[in-house]
Amino acid sequence: MAASVRGTPLAALNRASTHPRARRSAGHRGASSRISRAAPPGADAAAEQKAAHVAEITARRDEMVAGCVSCTMPDEGDRGDFLADVALGGRSVEAKGEGSSLRVLVVGAETGKLAKSLMDRGASHVLVIDHSQAMLDRAAELFDPPGTLGNDPCVRFLRADVADVKPYQGPFDAVVFNDSLASEHDPADALRRASLLVSPGSTVVISQRLIDDGADGVSDRHPALPSMDVAAMIADLPLEASASAVKGKAMDGEGGSSGAESASAARTEDCCGGSCWTFEVPPLYAMRDAVEMRAPVVSGFGRGSKQMGTPTANMDPEVLAPQLERMRRGVYFGFARLPDDPNNASWSKCVINVGQRPTFADGAGVTIEVHVMETMGRDFYGETMECVALGYLRPEMKFAGLRELVGRIMTDIGLARNALDAESMRGAVDGKNSWSAD
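Computed from a predicted model, the values in this text were never measured in an experiment.

What counts, and where the lines are drawn
Residues numbered from 1 in each chain as written. Predicted model: local features only at pLDDT ≥ 70, side-chain atom pairs only at ≥ 80, totals over all residues. Heavy atoms only, no water. Helix = DSSP H or I, 4+ residues; strand = E, 2+ residues; numbered from the N terminus. Buried < 20%, exposed > 50% of the residue type's maximum accessible area, 1.4 Å probe, protein only. Contact = heavy atoms within 4.5 Å. Areas by Shrake-Rupley, 256 points an atom, 1.4 Å probe, with all protein chains shown as cover. Axes fitted to C-alpha atoms, helices over the stretch in contact; angles between N-to-C directions. Nonpolar A, V, L, I, M, F, W, Y, C, P; charged D, E, K, R; others polar. Phe/Tyr/Trp six-rings, centres within 6.5 Å; stacked < 30°, edge-to-face > 60°. Salt bridge = Lys/Arg side-chain N within 4 Å of Asp/Glu carboxyl O. Core = buried A, V, L, I, M, F, W, Y, C linked by side-chain atoms within 4.5 Å. pLDDT = per-residue confidence, 0-100. Polar contact = N/O pair within 3.5 Å; in protein donor to acceptor, adjacent residues only side chain to side chain. Arc of directions from axis to C-beta.

**Concerning the overall build of the protein**
Link 1 in the chain: Scanning the protein for helices and strands turns up 14 helices and 16 strands.
Link 2 in the chain: Burial analysis of the protein (438 residues in total) assigns 51% to the buried set.
Link 3 in the chain: Contacts in the protein between residues far apart in sequence, at least 24 positions, make up 74% of those at least 6 positions apart.
Link 4 in the chain: For the protein, the exposed area adds up to about 19200 Å²; of that, 49% sits on carbon and sulfur atoms.

**Quick word on unusual backbone geometry**
Link 1 in the chain: Cis peptide bonds are those with omega within 30 degrees of zero, and the linkage from Gly-170 to Pro-171 qualifies with -5 degrees.
Link 2 in the chain: Along the chain, Pro-171 turns up in the loop between β3 (154-159) and β4 (172-178).
Link 3 in the chain: The backbone of Asp-179 sits at a positive phi, close to 55 degrees, despite the residue not being glycine.
Link 4 in the chain: Structurally, the position occupied by Asp-179 is in the loop between β4 and α8 (187-195).
Link 5 in the chain: The phi torsion at Tyr-285 lies on the positive side, around 60 degrees, for a residue other than glycine.
Link 6 in the chain: Relative to the assigned elements, Tyr-285 resides in the loop between β10 (275-280) and β11 (286-298).

**Some points on the packing of helix α2 (residues 45-66) against helix α7 (residues 133-140)**
How two helices sit against one another is set out by the angle between their axes and by the gap between those axes.
Link 1 in the chain: At a closest axis distance of 7 Å, the pairing of α2 and α7 adopts a crossing angle of 35 degrees. The residues of α7 that touch α2, namely those facing Arg-61, Asp-62, Met-64 and Val-65, are Gln-133, Ala-134, Met-135 and Arg-138.
Link 2 in the chain: Residues of the contact of α2 with α7, tallied by class, amount to four nonpolar, one polar and three charged.

**Remarks on the packing of aromatic side chains**
Link 1 in the chain: Within the structure shown, the criterion is met by two aromatic pairs.
Link 2 in the chain: Aromatic pair Phe-143 and Phe-157: ring centres 5.8 Å apart, planes at 45 degrees, arrangement tilted. On the criterion of sequence distance, the pair formed by Phe-143 in the loop between α7 and β3 and Phe-157 in strand β3 is long-range, its members being 14 residues apart.
Link 3 in the chain: Phe-143 gets classed as buried once you look at its relative accessible area, which sits at 12%.
Link 4 in the chain: For Phe-157, a relative accessible area of 1% gives the class buried.

**A few points about the pattern of salt bridges**
Link 1 in the chain: In this structure the tally under the stated criterion is 21 salt bridges.
Link 2 in the chain: Residues Arg-193 and Asp-189 are paired through a salt bridge, measuring 3.5 Å at the closest nitrogen-oxygen approach. Here the residue Arg-193 and the residue Asp-189 both occupy positions in helix α8, the gap between them amounting to four residues, near one helical turn.
Link 3 in the chain: By relative accessible area, Arg-193 is classed as partly exposed at 23%.
Link 4 in the chain: A salt bridge links Arg-294 to Glu-386, with the shortest nitrogen-to-oxygen separation between them at 2.3 Å. One end of the pair, Arg-294, is in strand β11; the other, Glu-386, is in strand β16 (residues 384-395), with 92 residues separating them in the sequence.
Link 5 in the chain: The exposure class assigned to Arg-294 is partly exposed, which follows from its relative accessible area of 45%.
Link 6 in the chain: We classify Glu-386 as buried; its relative accessible area is 14%.

**Quick notes on the nonpolar core**
Link 1 in the chain: Counting 54 residues, the largest nonpolar core has Leu-105, Ile-129, Phe-177, Ile-206, Val-230 and Phe-279 as its most contacted members.
Link 2 in the chain: With six residues, the single largest contributor to this core is helix α13 (residues 402-420).
Link 3 in the chain: Among the nonpolar cores identified, the runner-up in size contains 31 residues, and Leu-102, Leu-136, Ala-139 and Val-155 belong to it.

**With respect to the confidence of the model for the protein**
Link 1 in the chain: Residues with a pLDDT of 70 or more make up 80% of the protein, whose mean pLDDT is 82.
Link 2 in the chain: Within the protein, the element-level pLDDT minimum falls on strand β7 (residues 221-223), averaging 43, and the maximum on strand β1 (residues 103-107), averaging 98.
Link 3 in the chain: Scored below 50 in pLDDT, residues 214-226 shows 22 contacts in the model against residues more than four places distant or in partner chains.
Link 4 in the chain: In the predicted structure, residues 434-438 sits below a pLDDT of 50 and forms 16 contacts with residues beyond four places in sequence or in another chain.

**Focus on the side chain of Asp-270**
Link 1 in the chain: Tracing the backbone through its elements, the reader meets Asp-270 in the loop between β9 (267-269) and β10.
Link 2 in the chain: In this structure the side chain of Asp-270 is engaged in a polar contact, spanning 2.7 Å, whose partner is the backbone nitrogen of Cys-272.
Link 3 in the chain: Polar side-chain contacts of Asp-270 include one of 2.9 Å to the backbone nitrogen of Gly-273.
Link 4 in the chain: The residues touching Asp-270, leaving out its near neighbours within four places in the chain, are Arg-79, Phe-82, Ser-207, Gln-208, Ser-275 and Cys-276.

**What about helix α10 (residues 258-266)?**
Link 1 in the chain: Regarding α10, the residues found buried are Ser-258, Gly-259, Ser-262, Ala-263 and Ala-266. The buried side chains of α10 occupy one side of the element, clustering within an arc of 125 degrees when seen end-on. Exposed side of α10, more than 90 degrees from the buried face: Glu-261, Ser-264 and Ala-265 are the residues found there.
Link 2 in the chain: Elements in contact with the buried residues of α10: α9 (230-234), β8 (240-241), β9 and β10.

What follows is the structure in structure tokens.
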């Protein structure tokens, strides 16, 4: 008998466990408070569409767990072991050393066997999210309720969307979409959000079962993702096929083929005939090939220092048209300098935004905005700037408002600063000019 639909948009992430025994015990808080599914007054069409989609997926997943789970989620034990091996790649919290952690985000609870396999193989913390509370409750039955100390090894269950997972829950060493990505309202956005929750060396796994079209439930089996273009989704993410990630992100322009090549290299067949894509964040977020830019500084929109506290120099995009053909819209980092100014001729760390400012509706056209981390002490419109982009952090994204945007910019700057401390990054410009600023 199908479970009832608990219906509508996921609004917030509650930190407590959803373990069913925890909810029945006075000593444990409930996993996540029931989230209102009624669309808020004035919600736009996109929000209403997502709410309807989430309600539909919730009902479907409630039915999956209410019936014969070996029918609706076949081979789950074998798949759980396979995916845990792929996600962890031999890593374990014991191997990382005392005081370390190995955190995994699982999107799609099923019956909890994947989470159990991850813990058995050395993960210290597993966060399992799903739209279906019934499925979360079923999965949680395999585990004891988590303790009150947040650092204790455990599995936690949350009724949430990928977009609801906050940075403080990670960073994650692995993210596994457990037969779930294709059913998301916006698979590309879900994968994009997941890529912001991981760090260099982390693994992102996309798994999908085979589905049955035959009347007997066995014949005419085929992969369940014919309409989901994994290549297009990862083209502008800081992800590479795990086997080649050590070489860095292969970057090309809009419409390039690097995403297709990476997705093809990342795809394998799982133990049960389904599809599995395994990607990795390159070390230091590095790109395979640096992008060197030299152009005059032109006037911008004046928001960098006035509204966001991060002054930027706008490099002339017309001069840099050949470089833009090789670059996706997104956030890069590297080194910049003013070669004609003796006081600023040494290389300084920088973050580079290449894009169209989707958070602000103030004009078309691509801009190249460079935030130099060392204060140069003056305006330098019309002067020549040189910039070397060495790493790629994330695609261009639209944020809910200025506060969310500024928070992400501060994160980008911190990630870039840390990566650029590496000797391999400094070595990329050492021969071009003397090194100076941190």
